[in-house]
Amino acid sequence: MNYLSKVDVTNKRVLLRCDFNVSIKNGVITDTSKIDKSLDTINYLLNNKNTVILLSHFGRVKTEDDKKSNSLKIVYEYLKEFLDLEFVEDPTTIDKVQVSNKKCFLIENTRFTDVPEKRESINDLELAKYWSEFADVFVIDAFASLHRAHSSTAGVSNYLPTYLGFLVEKELTNLEKLVKNSKHPFLVIMGGAKVDDKLGIIEGLLKKCDKLILTGGILNTFLKVMGYNIGKSLVSDNGEILRNVEKIINESKNKIFYSSKFIVNRLNNVLEVDLEDIQNDDIIYDNIINLDEIINASKIVFLNGTSGKYEIDEYSKGTEKLLYDLKNSSAEVYVGGGDSVSSVISLGFENEFKYLSSGGGATLEYVSDSKLKALEYIREHNL
Ligand code: ADP
Ligand code: MG
């Protein structure tokens, strides 16, 4: 598959799929880095006299009502500060004349086409073909969306010459070193809240790594399955997940490690206790104690997820301790995931690690499985 950096795209109409799926709080974008990271490719294409038509999804759109809170207009308002940009309100009625008269467009949320009937997210090729008719070339720079083969991330490649943008190139070249990793010991550290989403990833990574440290909310479910009292802590109650956790523990027990101490909220007092001393009312956030040796012995580390609620001071100690340990080790450290990268940046450690990936689910799937669904699809279907 070709990188945009290896070809000459000039005086063309370019359909550019970005990932502008940023978080919003009180009507304000909380972190613009996803948008900022797309500017290299956008500006390069504009400087080369191309017309650029930007596509992105934004949030979850399941009902007509969801459209109200998931308009890309907020991204348009932000991007307008940098680009001479026009907004197209409906992703299924793009005006050909409008598009031929201006240089840069942002089309409304591609997922608006999922209501009333799913189109974008089932990779409806009629929709992909419709979008392709406005362009001569398709460039995909939405790294964080590449684990989904949708109309706008994959389908369009049936109809247009397709290239990978600068952000995708940077992510793939950096993460490839981890995917093709031959360094050992290879340590994976998985934390965060959602064990249900990450269990498949953990299974994939266990096949590749030498050791796995579990932390954060994910660890709680493992501890519960091992028979420990975890009080009122966050835990999965999905039977299938619990059975899978049990299977993983049985097969990989000797690869799995976790902290020996826990910070707990016990009836609104914050204490540090041993695992065996957790009581029925406790909510636990682990504390990354006695893991230094494993971290220091590692040559290469992949970290995803945080060790407790790093957003709240009282429960951020575990995450801080972990990041300090990683910074002080000589291992090559790769970090993936929105919150994980934010926690690194909030400590000012962004230059201390080998690579911080801008992807969440996409990074996890690529690192655990060496594949990304959109890229596999494009490889198979592109002209
Ligand atoms: P990433 O975005 O890097 O993939 P996650 O979203 O999986 O990471 O994990 C970060 C989130 O997990 C944070 O919002 C954090 O508050 C939450 N979290 C971590 N540990 C716990 C815990 N023990 N209990 C509840 N929430 C937790
Ligand atoms: Mg997150």
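Preceding this paragraph is the structure being described.
In this report, the structure presented in the accompanying data block is examined. The model shown is predicted, which means the values in this text are computed figures rather than measured ones.

Here is what the cut-offs are and how they apply
Residues numbered from 1 in each chain as written. Chains lettered and ligands numbered in written order. Predicted model: local features only at pLDDT ≥ 70, side-chain atom pairs only at ≥ 80, totals over all residues. Heavy atoms only, no water. Helix = DSSP H or I, 4+ residues; strand = E, 2+ residues; numbered from the N terminus. Rg over C-alpha atoms; globule rule 2.2 N^0.38 Å. Buried < 20%, exposed > 50% of the residue type's maximum accessible area, 1.4 Å probe, protein only. Contact = heavy atoms within 4.5 Å. Areas by Shrake-Rupley, 256 points an atom, 1.4 Å probe, with all protein chains shown as cover. Lys, Arg positive; Asp, Glu negative; His and termini not counted. Charge placed at Lys NZ, Arg CZ, Asp CG, Glu CD. Near = heavy atom within 4 Å. Polar contact = N/O pair within 3.5 Å; in protein donor to acceptor, adjacent residues only side chain to side chain. Nonpolar A, V, L, I, M, F, W, Y, C, P; charged D, E, K, R; others polar. Axes fitted to C-alpha atoms, helices over the stretch in contact; angles between N-to-C directions. Parallel < 35°, antiparallel > 145°, perpendicular 65-115°, else oblique. Left-handed = near helix turned anticlockwise from the far one by under 90°. Phe/Tyr/Trp six-rings, centres within 6.5 Å; stacked < 30°, edge-to-face > 60°. Arc of directions from axis to C-beta. Core = buried A, V, L, I, M, F, W, Y, C linked by side-chain atoms within 4.5 Å.

The subject of this paragraph is the overall build of the protein chain. For the protein chain, the helix and strand inventory stands at 15 helices and 18 strands. What you see for the protein chain is a C-alpha radius of gyration of 22 Å, in line with the 21 Å of a compact globule of 383 residues. Projected onto its principal axes, the C-alpha coordinates of the protein chain cover approximately 70 × 45 × 40 Å. Taking all 383 residues of the protein chain together, the buried fraction comes to 53%. When contacts within the protein chain are restricted to residue pairs at least 6 apart in sequence, long-range pairs at least 24 apart make up 71% of them. When the accessible surface of the protein chain is totalled, it reaches about 17,200 Å², and 45% of it is carbon and sulfur. Here the protein chain contributes 48 positive and 57 negative side-chain charges, whose respective centroids are spaced 3 Å apart.

Once that is clear, we can look at unusual backbone geometry. Note the cis peptide between Val-115 and Pro-116, where omega equals 5°. Relative to the assigned elements, Pro-116 resides in the loop between β7 (104–107) and α6 (125–132). With an omega dihedral of 0°, the bond running from His-184 to Pro-185 counts as a cis peptide bond. Looking at the secondary structure, you find Pro-185 in the loop between α7 (166–179) and β10 (186–190). The residue Asn-11 is not glycine, and still its phi comes out positive at about 55°.

With that settled, the discussion passes to the site of ligand 1. If you check the shell around ligand 1, you find 19 residues, and the closest are Lys-198, Gly-308, Glu-311, Asp-339 and Ser-340. One of the backbone nitrogen or oxygen atoms of Gly-217 is found 3.2 Å away from a nitrogen atom of ligand 1. Here Gly-308 contributes a backbone N or O atom positioned 3.1 Å from a nitrogen atom of ligand 1. Looking at the shell around ligand 1, the elements with two or more residues in it are α9 (216–225), β15 (282–286) and α13 (338–346). Of all the elements, α13 adds the most residues to the shell around ligand 1, at three residues. When grouped by side-chain class, the residues that make up the shell around ligand 1 number four nonpolar, eleven polar and four charged.

Right, let's talk about the environment of Asn-220 for a bit. Looking at the secondary structure, you find Asn-220 in helix α9. Using a relative accessible area of 4% as the deciding quantity, one classes Asn-220 as buried. Separated by 127 residues in the primary sequence, Asn-220 and Thr-93 place their C-alpha atoms 48 Å from one another. Excluding its chain neighbours within four sequence positions, the residues that come into contact with Asn-220 are Ile-230, Ser-233, Leu-234, Val-235 and Ile-284.

The geometry of helix α8 (residues 195–208) relative to helix α10 (residues 239–252) is characterised by a closest axis approach of 11 Å and an angle of 25° between their N-to-C directions. With respect to their mutual orientation, α8 and α10 come out roughly parallel. Pair α8 / α10 crosses with left-handed handedness. Residues Val-195, Asp-196, Leu-199, Glu-203 and Leu-206 of α8 form the contact with α10, whose participating residues are Ile-241, Asn-244, Val-245, Lys-247, Ile-248 and Ser-252.

Tallied over the full model, the rule gives seven aromatic pairs. A ring pair is formed by Tyr-78 and Phe-82, whose centres lie 5.2 Å apart and whose planes are at 65°; its orientation type is edge-to-face. Taking relative accessible area as the criterion, Phe-82 reaches 44% and is therefore assigned partly exposed. On the basis of an interplanar angle of 80° and a centroid distance of 6.5 Å, the ring pair of Phe-349 and Phe-353 is categorised as edge-to-face. The same class applies to Phe-349 as to Phe-353, namely buried.

A word on the side chain of Ser-316. Residue placement: Ser-316 occurs in the loop between β16 (300–304) and α12 (317–328). Using a relative accessible area of 4% as the deciding quantity, one classes Ser-316 as buried. Those residues within four positions of Ser-316 in sequence are excluded, and the remaining contacts are Lys-309 and Tyr-310.

All right, on to α6 then. Residues that lie three or four places apart on an α-helix share one face, since the helix turns once every 3.6 residues. Within α6, the full set of buried residues consists of Leu-127, Ala-128, Trp-131 and Ser-132. Looking straight down α6, one finds that the buried residues subtend no more than 140° of arc, so they occupy a single side. Where α6 begins, the capping side chain belongs to Asp-124, and its oxygen is found 3.1 Å from the backbone nitrogen of Glu-126.

The biggest cluster of nonpolar side chains holds 68 residues, and the ones touching the most others in it are Leu-172, Met-190, Leu-212, Leu-214, Phe-222 and Phe-302. Per element, the largest residue contribution to this core is six residues, and it comes from α8. What Leu-214 contacts, discounting residues up to four positions off in sequence, is Met-190, Ile-202, Leu-219, Phe-222, Ile-256, Phe-257, Tyr-258 and Asp-286. The next biggest cluster of nonpolar side chains, apart from the first, holds 28 residues, and it includes Leu-16, Leu-72, Val-75 and Leu-83.

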